[in-house]
Amino acid sequence: AQRVTQPEKLLSVFKGAPVELKCNYSYSGSPELFWYVQYSRQRLQLLLRHISRESIKGFTADLNKGETSFHLKKPFAQEEDSAMYYCALISGAGSYQLTFGKGTKLSVIP
Amino acid sequence: ETGVTQSPTHLIKTRGQQVTLRCSSQSGHNTVSWYQQALGQGPQFIFQYYREEENGRGNFPPRFSGLQFPNYSSELNVNALELDDSALYLCASSLRRGNQETQYFGPGTRLLVL
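Residues numbered from 1 in each chain as written. Chains lettered and ligands numbered in written order. Predicted model: local features only at pLDDT ≥ 70, side-chain atom pairs only at ≥ 80, totals over all residues. Heavy atoms only, no water.

Trainee: Explain a nonpolar patch on the surface to me, and be specific about the residues and the numbers.
Mentor: A cluster of nonpolar residues, Ile12(B), Leu112(B) and Leu114(B), forms a patch on the protein surface that exposes about 300 Å² of accessible area. By the secondary structure assignment, Ile12(B) is in strand 2 (residues 10-13). (Patch = residues over 30% accessible without salt bridge, like charges linked within 9 Å, V, L, I, M, F, W, Y side chains within 5 Å. Areas by Shrake-Rupley, 256 points an atom, 1.4 Å probe, with all protein chains shown as cover. Salt bridge = Lys/Arg side-chain N within 4 Å of Asp/Glu carboxyl O. Helix = DSSP H or I, 4+ residues; strand = E, 2+ residues; numbered from the N terminus.)

Pasting the structure below:
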């Protein structure tokens, strides 16, 4: 069964410092990986997906199949990045259910 | 273009009762998924409907059931409510194109079972 692990419940960084939110997954095939974000009092929204190879709001994530990781990174944290971040995967075998991690709350200290 | 909407926003029920939650998909989307998010947890997949047929189900008992209507709106029904059913219920709609799909979430319905 697929599983997504986000080891940190809370991550606090200072404004301007680099950010790395960790995500590890277990799945035997080729999953599609996502990062979703939930800002205060807003709905869950897609931040980025690995197949797009986009950089959204300065965030990037690289899929490392050897380490089964999909860490989210940003070189310089901004106060508006404070939010709840969820890593998720969809298995590649015609299944479209998202499997989420428990989430990491990012707090950017001004 | 309107986003995904859900109703009601909050609901309080007692154990053993039944509840129906509603979701209106984003315009043009043909797929709807339902998730349960308990406090401090990530969303957990309940089931998905594609063109009015159930298309995948998570590890939830049969008392969780759903419907998708021709206009692609959807309902989640839960019978014989238990205290552990207290959670935020999220609906997500998507447009399936080949093997690509991005799910857009509604604001959720917060259910409290007493």
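Trainee: Pulling in residues and values, what's your account of the packing of aromatic side chains?
Mentor: One pass over the full model with this rule turns up 11 aromatic pairs over all chains. Aromatic side chains Tyr35(B) and Phe105(B) sit 5.5 Å apart centroid to centroid with 45 degrees between the ring planes, which places their arrangement in the tilted category. Here Tyr35(B), found in strand 4 (residues 31-37), pairs with Phe105(B), found in strand 10 (residues 104-105); they are 70 residues apart in sequence, far enough to count as distant. The same class applies to Tyr35(B) as to Phe105(B), namely buried. Among the aromatic residues, ring-to-ring pairing joins Phe34(A), Tyr36(A), Tyr86(A), Phe100(A), Tyr35(B), Phe45(B) and Phe105(B) into one connected group. (Phe/Tyr/Trp six-rings, centres within 6.5 Å; stacked < 30°, edge-to-face > 60°. Buried < 20%, exposed > 50% of the residue type's maximum accessible area, 1.4 Å probe, protein only.)

Trainee: Requested: an account of the sheet that holds strand 7 (residues 64-68) of chain B, with residues and values cited.
Mentor: Residue and element names in this part refer to chain B. The antiparallel open sheet is built from four strands, whose spatial order is 1-3-8-7. At either end of the open sheet lies a strand with only one pairing partner, and these are strand 1 (5-7) and strand 7. Direction aside, neighbouring strands of the sheet carry axes that sit 20 degrees apart on average. Looking at chain direction, strand 1 and strand 3 (residues 19-24) are connected through three bridges and run antiparallel. Looking at the pairing, Ser7 lines up with Arg22 of strand 3. (Pairing = 2+ DSSP bridges. Axes fitted to C-alpha atoms, helices over the stretch in contact; angles between N-to-C directions.)

Trainee: Could you give me a rundown of the pairing of strand 4 of chain B, with the residues and numbers involved?
Mentor: Looking along a regular strand, one sees side chains alternate from face to face of the sheet. Residue and element names in this part refer to chain B. A large share of strand 4 lies buried, amounting to seven of its seven residues. Going residue by residue along strand 4, you find Thr31, Ser33, Tyr35 and Gln37 tucked away on one face and Val32, Trp34 and Gln36 tucked away on the opposite face as well. Taken together, strand 4 and the strand that follows it, strand 5 (residues 44-50), pair antiparallel across an intervening segment of six residues, in which Gly40 is found at a positive phi of about 80 degrees. Two strands pair when backbone bridges link them, and strand 4 and strand 9 (residues 87-94) are joined in this way by seven bridges, in the antiparallel orientation. If you follow Thr31 over to strand 9, its bridge partner there is Ser94.

Trainee: Please give an account of the side chain of Ser25(B) that cites residues and values.
Mentor: Residues and elements named next belong to chain B. Positionally, Ser25 belongs in the loop between strand 3 and strand 4. Ser25 sits in the buried class, given a relative accessible area of 10%. At 2.7 Å, the side chain of Ser25 and the backbone oxygen of Tyr72 are in polar contact. Those residues in contact with Ser25 that lie beyond four places of it in its chain are Gly3, Val32, Tyr72, Ser73 and Ser93. (Polar contact = N/O pair within 3.5 Å; in protein donor to acceptor, adjacent residues only side chain to side chain. Contact = heavy atoms within 4.5 Å.)

Trainee: Pulling in residues and values, what's your account of the pairing of strand 11 (residues 109-113) of chain B?
Mentor: Residue and element names in this part refer to chain B. Residues Thr109, Leu111 and Val113 point to one face of strand 11 and are all buried, whereas Arg110 and Leu112, pointing to the other face, are not buried. Here four bridges tie strand 2 to strand 11, and the two strands are oriented parallel to one another. Its bridge partner being in strand 11, His10 is matched across the sheet by Arg110. The sheet contact formed by strand 9 and strand 11 spans three bridges and is antiparallel. Residue pairing in the sheet places Ala87 in a bridge with Leu111 of strand 11.

Trainee: Provide a residue-level description of the sheet that holds strand 7 (residues 60-61) of chain A, including the pertinent values.
Mentor: Residue and element names in this part refer to chain A. Read across the sheet, three strands follow the order 3-8-7 without closing on themselves; strand pairing throughout is antiparallel. For this open sheet the edge positions go to strand 3 (19-21) and strand 7, each flanked by a neighbour on one side alone. One ladder, built from three bridges, connects strand 3 with strand 8 (residues 72-74); its direction is antiparallel. Within strand 8, the position partnered with Leu21 by the bridge is Leu72.

Trainee: Tell me what's going on with the interface of chain B and chain A, and back it up with residues and numbers.
Mentor: With 23 residues of chain B at the interface, the matching set in chain A holds 15 residues. Taken over both partners, the interface formed by chain B and chain A buries close to 1,600 Å², and the fraction arising from carbon and sulfur atoms is 50%. Scanning the region where chain B abuts chain A turns up zero salt bridges. Linking chain B with chain A are six residue pairs in polar contact (both at pLDDT 80 or more), by the criterion used here. Those elements that place two or more of their residues in the side of chain B that touches chain A are strand 4, strand 5 and strand 6 (53-57) of chain B. (Buried area = accessible area lost by both parts, 1.4 Å probe.)

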